[in-house]
Amino acid sequence: MITRDPEAFLHAFAALPYTAARPATARAAFMVAPSHFGLAGESAQDNAYMRMQDVVDPQRAARQHAALAEALRDDVPVVTFPGIPDAPDAVFPNNVFATRPGALVVGRMRHAVRRREALRADIRGFFRDVLGYEEIDLSGPSQPVAELTGSLVIDHARGVGFCGLGERCTEAGAAAMHRAFGLQLTFCFDLAPGEYHANVLMTALAGRGVLLVPDGFRDSAAAEAVARAYEGRVVMLEAAQKERFAANAITLDPHRVWMSGTAVSSLSPAQCAQLERLGFRIGAVELDEIEKAGGSLRCCVAEIF
């Protein structure tokens, strides 16, 4: 079921309880090193989080990225692919590549500067030839724009997707992702003006709760529906915390949520206590150099289910 109606979503969500039959978190992850990292002017057209006035230090970005990979390996195996020339945003692979059990999904990017990432034979070959995954290719020119787990936040334990619609994901793109990921329910909502991805507005916490920024939803009723679905298990974040990427987080282990140092420093003691009550430790890695490019920790990590 795919719906934009908050009440229809809530009715359907109630019938999909958390279940151990679906993996709540990934079994591994992969990343793309910032070896050709920079600020892409084309991407900045609709990414207000990019700091185009700043100078990027590629070596510092590389050190921070390596530290992230090392930290995440405490939870899951992590594979790091090299960056490629003329792809300054490749450090954010989750928009282009994502997985469901047994399948690699390749997304359709809005900007040409990112579409070349989808052509990578090494990443496609790794999943096809090494892992034996099926390939679901949504990247062709006739496909609707769908920037995968940037636009789509997934509660894997329930098979539920939360899809932010805007310039980087159309309704047709949401439908294509719903099928590709084999979801049971997708709730679509319009992003507020100036927002580009749902994964800066919310994080699904291993099916047990959510981080949520209501400010980023065009219609407050949509944000309220998400909060009602996870009633009592919602960590509400403010607009200023969104700017510090507090909702751009990921759970790779059922009991730890990873955020950037910038994000963690924005959390209040009460919010940290909420996460602890939900059963989550907080892992933090400094990524302020990479954050100049308009994404944070979640954007750097593509999950392998």
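Residues numbered from 1 in each chain as written. Predicted model: local features only at pLDDT ≥ 70, side-chain atom pairs only at ≥ 80, totals over all residues. Heavy atoms only, no water.

Q: So, the pattern of salt bridges: which residues are in play, and what are the values?
A: What the rule picks out here adds up to 20 salt bridges. Across the pair E289 and R60 runs a salt bridge, and its minimum N-O distance is 2.9 Å. Here E289, found in helix α11 (residues 288-291), pairs with R60, found in helix α2 (residues 58-72); they are 229 residues apart in sequence, far enough to count as distant. Judged by its relative accessible area of 3%, E289 falls in the buried class. Between E117 and R114 there is a salt bridge; the shortest N-O distance is 2.9 Å. In this pair, the class of E117 matches that of R114, namely buried. One connected set of salt bridges, linked through shared partners, spans R60, D288, E289 and K292. (Salt bridge = Lys/Arg side-chain N within 4 Å of Asp/Glu carboxyl O. Helix = DSSP H or I, 4+ residues; strand = E, 2+ residues; numbered from the N terminus. Buried < 20%, exposed > 50% of the residue type's maximum accessible area, 1.4 Å probe, protein only.)

Q: Account for the packing of aromatic side chains, with residues named and values stated.
A: With the rule as written, the count across this model stands at 15 aromatic pairs. Their ring planes at 80° and their centres at 5.6 Å tell us that F81 and F126 sit as a pair that is edge-to-face. One end of the pair, F81, is in strand β3 (residues 78-81); the other, F126, is in helix α4 (residues 121-130), with 45 residues separating them in the sequence. Taken together, the ring pairs in this structure connect F9, F13, F162, F187, F189, F217 and Y230 into an aromatic cluster. (Phe/Tyr/Trp six-rings, centres within 6.5 Å; stacked < 30°, edge-to-face > 60°.)

Q: Explain the nonpolar core to me, using residue names and the numbers behind them.
A: Residues F9, F162 and F217 are the most contacted members of the largest nonpolar core, which totals 31 residues. A total of six residues in this core trace back to one element, the largest contributor, which is helix α7 (residues 220-229). Each residue touching F9, except ones within four places of it in the same chain, is listed here: T3, V160, F162, L185, F187, A225, V226 and A229. If you look at the next biggest cluster of nonpolar residues, it comprises 26 residues, including A61, V78, L287 and I290. (Core = buried A, V, L, I, M, F, W, Y, C linked by side-chain atoms within 4.5 Å. Contact = heavy atoms within 4.5 Å.)

Q: Any chance you could break down the sheet that holds strand β2 (residues 28-32) for me, citing the residues and the numbers?
A: Reading across the sheet, the three strands line up as β3-β2-β16 and stay open at both edges, with mixed pairing between neighbours. A strand with exactly one partner marks an edge of an open sheet, and here the two such strands are β3 and β16 (302-304). The sheet shows a mean angle of 25° between the axes of neighbouring strands, direction not considered. With four bridges connecting them, β2 and β3 associate as parallel partners. Bridge assignment links A29 to a residue of β3, and that residue is V78. Its contacts with the sheet place α2 against β2 and β3, and it is angled at close to 175° to β2. (Pairing = 2+ DSSP bridges. Axes fitted to C-alpha atoms, helices over the stretch in contact; angles between N-to-C directions.)

Q: For unusual backbone geometry, give the residues involved together with the corresponding values.
A: Residue D86 is not a glycine yet carries a positive backbone phi of 60°. Of note, D86 is situated in the loop between β3 and β4 (97-100). Even without being glycine, L148 reaches a positive phi, approximately 45°. With respect to the helices and strands, the residue L148 is situated in helix α5 (residues 148-151). Overall, the relative accessible area of 0% leaves L148 in the buried class.

Q: Could you give an account of the sheet that holds β4, with specific residues and numbers?
A: One open sheet accounts for three strands, arranged β4-β5-β6; its pairing is mixed. Only two strands of the sheet have a single neighbouring strand rather than two, namely β4 and β6 (134-137). Strand-to-strand twist in this sheet, taken as the mean axis angle between neighbours without regard to direction, amounts to 25°. The pairing of β4 with strand β5 (residues 103-106) spans four bridges and is classified as antiparallel. Note on β5: the bridge partner recorded for T99 is L104.

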